[in-house]
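Observations on chain architecture
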Amino acid sequence: SMWTSRRVHSFLAMLKGELRLMEDSASLRDALDACVFFSASMGRLGADFTALLPPLFEDKMHSLVVHFWKEGTSQLAETLKICREAGVASPLSSSTAVSTTLTTPGSDAAAYADSGPMPPPRQLMALPPLGRVVNAFLTGLNELRRCLLPG
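Within every chain, residues take consecutive numbers counted from 1 along the sequence as written. In keeping with the predicted nature of the model, local features appear solely for residues at pLDDT of at least 70, side-chain atom pairs appear and are counted solely at 80 or more, and the whole-chain, interface and lining totals rest on all residues. Each side-chain value is worked out from all heavy atoms of the structure, with water and hydrogens disregarded.

1. Details of the overall build of the protein
- Helix and strand assignments come from DSSP, with helices taken as H or I runs of at least 4 residues and strands as E runs of at least 2, each series counted from the N terminus. Counting secondary structure elements, the protein contains 6 helices and 0 strands.
- Helices (α) and strands (β) of the protein occur, in sequence order from the N terminus, as α-α-α-α-α-α.
- Residue contacts follow a heavy-atom distance rule, with two residues in contact if any of their heavy atoms lie within 4.5 Å. Pairs at least 24 apart in sequence give 75% of the contacts found in the protein among residues at least 6 apart.
- In the structure as shown, the protein presents an accessible area of about 10,500 Å², 62% of it carried by carbon and sulfur atoms. Surface exposure here means Shrake-Rupley accessible area, sampled with a 1.4 Å probe, where a residue is shielded only by the protein chains that are shown.

Written out as structure tokens, the structure reads:
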């Protein structure tokens, strides 16, 4: 009916406004779960609007992920600018020597596989600003993983 259609569009407009206030993927995921459940319930009345949900959530999820990426690249740009102005490269590399030896199947790499997550590569740890950028990108992708959209 026309009344049901107006109610659904009113709900979607309200949802769009509320999504702007959410700052993390966990809240976004909770809202998505509730909306999908509500949409499925409305489907019993012939008003399933599940197909209208992904565009709303995609935009917000995109902005969350891009925020982390922009923050990481701006930190790198700021670090490079400071180093260029000061004429130093010390913040760009670690003072510890980096070993470039390859691991063999019987070495520590096999032990790490059974004990949990692997530590970051030493080559990356030797370049702290690059490590921070990689961490920012991985954080953005992790946020994306936490809120997988339907379809």
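Now that the structure is up, let's keep going.
2. Thoughts on the packing of helix α1 (residues 2–19) against helix α2 (residues 25–43)
- For helices, the axis comes from a line fit to the C-alpha atoms of the stretch in contact; other axes are also lines fit to C-alpha atoms, and the angle between any two N-to-C directions lies between 0 and 180 degrees. Contact geometry for α1 and α2: axes closest at 12 Å, N-to-C directions at 175°. Overall, the two elements α1 and α2 adopt an arrangement that is roughly antiparallel. Contacts from Thr-4, Val-8, Phe-11, Leu-15 and Leu-19 in α1 reach Leu-28, Cys-35, Phe-38 and Met-42 in α2.
- Residue classes follow a fixed rule: Ala, Val, Leu, Ile, Met, Phe, Trp, Tyr, Cys and Pro count as nonpolar, while Asp, Glu, Lys and Arg count as charged, and any other residue, Gly among them, counts as polar. A class-by-class count of the residues in the contact of α1 with α2 yields 8 nonpolar, 1 polar and no charged. Roughly parallel means an angle under 35 degrees; roughly antiparallel means over 145; roughly perpendicular covers 65 to 115; every other angle is labelled oblique.

3. Notes on the side chain of Lys-60
- By the secondary structure assignment, Lys-60 is in helix α3 (residues 53–86).
- Although Lys-60 is buried, it makes no salt bridge; Glu-23 carries the closest opposite charge, 4.5 Å away.
- Pairs of N or O atoms within 3.5 Å make up the polar contacts considered here, provided that, within protein, one atom can donate a hydrogen while the other can accept it, and that residues adjacent in sequence are counted only when both atoms are side-chain atoms. Of note is the side chain of Lys-60, whose polar atom sits 3.4 Å from the backbone oxygen of Arg-20.
- Beyond its immediate stretch of four places on either side in the chain, Lys-60 contacts Leu-19, Arg-20, Met-22, Glu-23 and Leu-28. Only protein chains enter the accessibility calculation, which uses a 1.4 Å probe; a residue whose area is less than 20% of its type maximum is buried, one above 50% is exposed, and one in between is partly exposed. A residue counts as positive if it is Lys or Arg and as negative if it is Asp or Glu; His and the chain ends are not included. In the sections that follow, a salt bridge refers to a side-chain nitrogen of Lys or Arg positioned within 4 Å of a carboxyl oxygen of Asp or Glu.

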